[in-house]
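Given next are the chains, with one letter for each unit.
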Amino acid sequence: MNKIGTNVLLCCLGMMASLGQDDSIVQSKPQAPQAIIYFYTDDIGYGDLGCYGAKLIPTPNVDRLAEQGLRFTNAHSTTSVCTPSRYAVMTGEYPWRKKGVHILPGDAKMIVPVAKDRMSLPSMMQQAGYKTCAIGKWHLGLGDGNIDWNKLITPGLKEVGFDESFIMAATADRVPCVYIRNGRVENLDPNDPIEVSYKNNFPGEPTGKENPELLRVHPSVGHNGTIVDGISRIGFMRGGKSALWKDGDLADTLIAEAERFIEANRQTPFFLYFATNDIHVPRDPHNRFLGKSGCGIRGDAAVQMDDCLRRLMETLKANGLEDKTLIVFSSDNGPVVDDGYADGAHRDLNGHKPAGMLRGGKCSVFEGGTRVPFIVWWPGQVKPGISAAMVSQMDLARSLAVLLGQQVPEGAFPDSQNVLPALLGQSDEGRECLVEQGIGDKCLALILGNWKYIPPQSLRKAQRAKFPEGMLFNLEEDLAEKKNLIDQHPERAKTMKNALQKIQENPGLNVSPID
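In this report, the structure presented in the accompanying data block is examined. (Residues numbered from 1 in each chain as written. Predicted model: local features only at pLDDT ≥ 70, side-chain atom pairs only at ≥ 80, totals over all residues. Heavy atoms only, no water.)

**Points about the pairing of strand β13 (residues 270-275)**
Taken across its 6 residues, β13 has 6 buried, putting it largely inside the fold. Side-chain alternation along β13 places Phe270, Leu272 and Phe274 on one buried face and Phe271, Tyr273 and Ala275 on a second face that is also buried. (Buried < 20%, exposed > 50% of the residue type's maximum accessible area, 1.4 Å probe, protein only. Helix = DSSP H or I, 4+ residues; strand = E, 2+ residues; numbered from the N terminus.)

Below, the structure written as structure tokens:
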């Protein structure tokens, strides 16, 4: 192989089963923690937290977690939108490999394989002896494509590997606006059955489009379907009045469920997937958080999220679990300011930059889309500090499997890599390559070492016209992706283009840079 400073070594590792089980590179593998919590926030950007440079949003509890734990500066969701990135966490697989993994409506068929067919993150935790629970935003579909919301919904989270669940089916801006506990709608009156449609409204039901006078929060674009709690949503529903949530109480309701689960299982090993809605639209934090940030309601919602972390940490301490718990804190994708509601978020930014110095945000293939906050906290086991190791959220599957000594069957977690030494702070080395995804299965980019290549088809029309060969950035020198170097390094771009194609064709392919 000719060394041109841009070559890569392609090492096909098949399904990477041997890599996933190789824990020899872990300097000192600690005993398994009694509790593992994935605190998964929604739409929190790289610049939205104090520990990542935010000045106008007070997040003392996240900042404390970062100070006591390991804060990553090169951590990524796989995708810059929610459903695909969550799919990758559950399956350890790039979401663009599976047809139909995109932003789902609230009545979509479940896209996560059931555990009997393929191991998932929660079913692996069950195999390791952990009680598993999912609380909060799900947005990975439910049922088999024809959901009856008035009966037990199956397949659901139980079939994926969660012993317990208390979830929102999709997002707060999509119907149905109800909680679902263990496959059944909570507080549903059987005499007032729920009906949901993403095609047509139900006769006589008010909508944001037809009845704006009923709204307390108005849409800026779309989001003009059924009105719930004075806010119009995407989609249509009727019935289920006793089961509808109050937006201002969402965070309190979800964290109370987390507190209940922790207290009930304080003597049992457990895995808690806690997925907040805060900062995702519609932004309607509880009144006690209004005005608590210096950048409007979006910042206030982030303060509310931070308070949820405070309550979770206090619950762990009260139940003697503070030193027995591994917490991973992250966000599903980069930030967005106006995401469909006229809530004054742009007007009130007051100089705040949700993505920090990064270019792009939610839906983008630039770094602001997938480079997200990522903190690992485990007292006495994770060395506090800051890590520049490249890791992806989908790596949690294989890394935790190694930590817990679990065998991963062939075909499971195909794109997940064991980065446990990096997560524990024992190594500065993480992934060597990562495919980033914007919105759409073909909107991909490749990070290889310190370099990033964006093919022309992943660019917007105007960008593609200006840069017909695509874009190439040296992220070590230009993290903001301001200087396109593709004309100076055409061979490097060509090699990375070929590497991206090889990864697309081969699940589990690892690509190593050679300089």
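Moving on, there is more to tell.
**Some points on empty space enclosed by the protein**
Taking a probe equal in size to a water molecule and rolling it over the atoms shows the remaining empty space. Following the criterion strictly, the structure yields 5 cavities of 30 Å³ or more and no others. Of the volumes computed, that of the largest cavity is approximately 100 Å³. Around the largest cavity, the lining comprises 13 residues; the ones closest to its centre are Asn277, Asp278, Pro282, Asp284 and Gln304. Classifying every residue of the lining of the largest cavity gives 6 nonpolar, 3 polar and 4 charged. In this structure, the second largest cavity occupies an estimated 60 Å³ of space. Lining the second largest cavity, in full, are Leu326, Val328, Val376, Trp378, Val382, Leu396, Ser399, Leu400, Leu403, Leu420, Leu423 and Leu424. Put simply, the parts of the chain that give the lining of the second largest cavity at least two residues each are β14 (325-331), α9 (396-403) and α10 (420-423). Sort the elements by how many residues they give to the lining of the second largest cavity and α9 lands first, with 4 residues. (1 Å grid on protein atoms, 1.4 Å probe; cavity = no way out; pocket = protein on both sides within 12 Å on 5 of 7 lines; lining within 4 Å. Points joined across faces, edges and corners; volume = space filled by probe spheres on them. Nonpolar A, V, L, I, M, F, W, Y, C, P; charged D, E, K, R; others polar.)

**Considering the pattern of salt bridges**
Scanning all chains against the criterion turns up 34 salt bridges. For the salt bridge of Asp148 with Lys151, the shortest nitrogen-to-oxygen distance reads 3.9 Å. Look at Asp148 and you get partly exposed, because its relative accessible area is 34%. Between Lys452 and Glu436 there is a salt bridge, with its nearest N and O atoms 2.8 Å apart. Of this pair, Lys452 sits in strand β20 (residues 451-454) while Glu436 sits in strand β18 (residues 433-437), placing them 16 residues apart in sequence. Each member of the pair, Lys452 together with Glu436, is buried. Through salt bridges with shared partners, a single ionic network connects Lys131, Glu164, Arg181, Glu186, Glu257 and Arg260. (Salt bridge = Lys/Arg side-chain N within 4 Å of Asp/Glu carboxyl O.)

**Examining the packing of aromatic side chains**
Here a ring pair, both rings aromatic, is described through the centre-centre distance and the interplanar angle of the planes. Scanning all chains against the criterion turns up 14 aromatic pairs. Between Tyr94 and Trp96, the aromatic rings sit 4.9 Å apart at their centres with planes inclined by 20°, giving stacked as the arrangement. Exposure remark for Tyr94: the relative accessible area of 3% places this residue in the buried category. Given the relative accessible area of 10%, Trp96 is considered buried. Geometrically, the ring pair formed by Tyr179 and Trp245 is tilted, given 5.8 Å between the ring centres and 50° between the ring planes. Placement of the pair is Tyr179 in strand β7 (residues 179-181) and Trp245 in the loop between β12 (236-238) and α6 (250-264), with a sequence separation of 66 residues. Take Tyr179 and Trp245: they sit in the same class, and that class is buried. Ring pairs connect the aromatic residues Tyr38, Tyr40, Trp138, Phe162 and Tyr273, which therefore count as one cluster. When the ring centre of Tyr52 is taken as origin, the NZ or CZ atom of Arg71, which lies over that ring, is 4.8 Å away. Positioned over the ring face of Phe366 is Arg359, at 4.0 Å from the centre of the ring. (Phe/Tyr/Trp six-rings, centres within 6.5 Å; stacked < 30°, edge-to-face > 60°. Lys NZ or Arg CZ within 6 Å of the ring centre and 35° of its normal.)

**What to know about the nonpolar core**
The nonpolar side chains of a soluble globular protein tend to be buried with one another. Trp138, Leu142, Trp149, Leu272 and Leu312 are the most contacted members of the largest nonpolar core, which totals 117 residues. The element contributing the most residues to this core is helix α7 (residues 296-318), with 9 residues. Residues within four places of Trp138 in sequence aside, it is in contact with Arg86, Met90, Met110, Val112, Leu157, Phe162, Ile167, Met168, Ala169 and Ala170. (Core = buried A, V, L, I, M, F, W, Y, C linked by side-chain atoms within 4.5 Å. Contact = heavy atoms within 4.5 Å.)

**Observations regarding the layout of surface pockets**
By volume, the second largest pocket amounts to about 340 Å³. Broken down by element, the residue count for the lining of the second largest pocket peaks at 7 residues, all from helix α12 (residues 490-505). Class assignment of the residues belonging to the lining of the second largest pocket gives a composition of 9 nonpolar, 4 polar and 5 charged.

**Quick look at the environment of Asn182**
Within the secondary structure layout, Asn182 lies in the loop between β7 and β8 (184-185). Exposure remark for Asn182: the relative accessible area of 43% places this residue in the partly exposed category. A C-alpha to C-alpha distance of 8.4 Å links Asn182 and Leu152, two positions 30 residues apart in sequence. In this view, Asn182 contacts Leu152, Asp163, Glu164 and Ser165; residues no more than four positions away in its chain are not counted. Within the structure, Asn182 has its side chain in polar contact with the backbone nitrogen of Ser165 (distance 2.8 Å). (Polar contact = N/O pair within 3.5 Å; in protein donor to acceptor, adjacent residues only side chain to side chain.)

**Considerations on the packing of helix α2 (residues 60-68) against α7**
Closest axis-to-axis distance for the α2/α7 pair is 7 Å, and the angle between their directions is 60°. In terms of orientation, α2 and α7 fall into the oblique class. Within the contact between the two elements, α2 uses Pro60, Asn61, Val62 and Leu65 and α7 uses Met305, Asp306, Asp307, Leu309, Arg310 and Met313. In terms of residue class, the contact of α2 with α7 is built from 6 nonpolar, 1 polar and 3 charged. (Axes fitted to C-alpha atoms, helices over the stretch in contact; angles between N-to-C directions. Parallel < 35°, antiparallel > 145°, perpendicular 65-115°, else oblique.)

**Side note on the sheet that holds strand β2 (residues 35-41)**
Taken together, the 10 strands give an open sheet; going across it, the order is β8-β7-β6-β5-β13-β2-β14-β15-β3-β16, and neighbouring strands pair in mixed fashion. In this open sheet, the two strands that pair with only one neighbour each are β8 and β16 (385-387). When β7 meets β8, the two strands line up antiparallel, connected through 2 bridges. Each bridged residue has a counterpart across the sheet, and for Arg181 the counterpart in β8 is Arg184. Its contacts with the sheet put α2 on β3 (70-72), β14 and β15 (374-377), and the angle it makes with β15 is roughly 65°. In the packing of α6 onto the sheet, contacts are made with β2, β5 (131-137), β6 (164-168), β7 and β13, and the angle to β13 comes to roughly 180°. (Pairing = 2+ DSSP bridges.)

**Topic: the packing of α6 against α7**
α7 packs onto α6 with a crossing angle of 15° between their chain directions and a minimal axis gap of 10 Å. It follows from the interaxial angle that α6 and α7 lie roughly parallel. As α6 packs across α7, the resulting crossing turns out to be right-handed. Residues Ala251, Asp252, Ile255, Ala256, Glu259, Ile262 and Glu263 of α6 lie in contact with α7, whose contacting residues are Gln304, Cys308, Arg311, Leu312, Thr315 and Leu316. The class makeup of the residues in the contact of α6 with α7 is 7 nonpolar, 2 polar and 4 charged. (Left-handed = near helix turned anticlockwise from the far one by under 90°.)

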